[in-house]
Amino acid sequence: MKRGFSAVFTAMIMVIVLAGTASAEVGVTRDQIVIGSVQDLSGPLAGWSTPWKLGMEMRIQEINKAGGIYGRKLKLVVQDHGYDPKRAIMAVMRIIARDKVFAFVSNAGSPTALAVKPILHRKKIPHLYPISGSRKFFVP
């Protein structure tokens with residue numbers, strides 16, 4: 001499990017690196033890359049989603065200690081949706097408006113990740129590696 005998480009998270013970071021090399025992107029400055037995530041920290045998936053969030057934070061700390069990505073530190077902004085699609089939409093909109101994120105990563109839960117998918121698509125914000133088994137994320 002630990003090796004699988006590390007591989008997925010490393011691949012996710014590589015996508016951010018390749019896509020975020022230009023400083024003209026929203027959420028990418030000379031010093032920082034801001035990424036967002038909406039997680040179930042208070043609902044039925046909290047026992048699984050909370051350790052996932054902690055793992056993301058740990059890996060980001062490791063990356064930042066090693067100098068970041070092309071000198072840019074990663075900043076992770078996480079909001080709780082409690083496994084409620086309406087709360088997920090509100091949390092995503094709040095993060096977009098307040099934190100100006102470059103991408104969303106590992107949004108937890110099929111109904112919640114599917115609820116925010118059209119918003120992120122419309123705003124052209126990458127929606128990377130949602131934690132979902134829904135075929136709607138991988139079948140064209």
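Scroll up for the structure.
Residues numbered from 1 in each chain as written. Predicted model: local features only at pLDDT ≥ 70, side-chain atom pairs only at ≥ 80, totals over all residues. Heavy atoms only, no water.

When helices and strands are counted, the protein chain shows four helices and four strands. A total of 140 residues make up the protein chain; the buried ones form 44% of that total. Just so you have it, the protein chain exposes about 7700 Å², and 60% of that area is on carbon and sulfur atoms. (Helix = DSSP H or I, 4+ residues; strand = E, 2+ residues; numbered from the N terminus. Buried < 20%, exposed > 50% of the residue type's maximum accessible area, 1.4 Å probe, protein only. Areas by Shrake-Rupley, 256 points an atom, 1.4 Å probe, with all protein chains shown as cover.)

In this section: the sheet that holds strand S3 (residues 103-105). Neighbouring strands of a sheet are bound in pairs by backbone hydrogen bonds; such pairs are parallel or else antiparallel. Taken in spatial order, the four strands line up as S2-S1-S3-S4 in an open sheet, and their pairing is parallel. Of all strands in the sheet, those bounded by a partner on one side alone are strand S2 (73-80) and strand S4 (127-128). Of the pairings in the sheet, the one linking S3 to S4 comprises two bridges and is parallel in character. For Val105, the partnering residue across the bridge sits in S4 and is Leu128. Where helix H2 (residues 46-65) meets the sheet, its contacts fall on strand S1 (32-39), S2 and S3, and the angle it forms with S2 comes to roughly 165°. (Pairing = 2+ DSSP bridges. Contact = heavy atoms within 4.5 Å. Axes fitted to C-alpha atoms, helices over the stretch in contact; angles between N-to-C directions.)

The next subject is unusual backbone geometry. The backbone of Tyr83 sits at a positive phi, close to 65°, despite the residue not being glycine. Since its relative accessible area comes to 30%, Tyr83 is described here as partly exposed. With a phi close to 60°, Lys124 is a non-glycine residue in the positive phi region. Note on placement: Lys124 falls in the loop between helix H4 (110-122) and S4.

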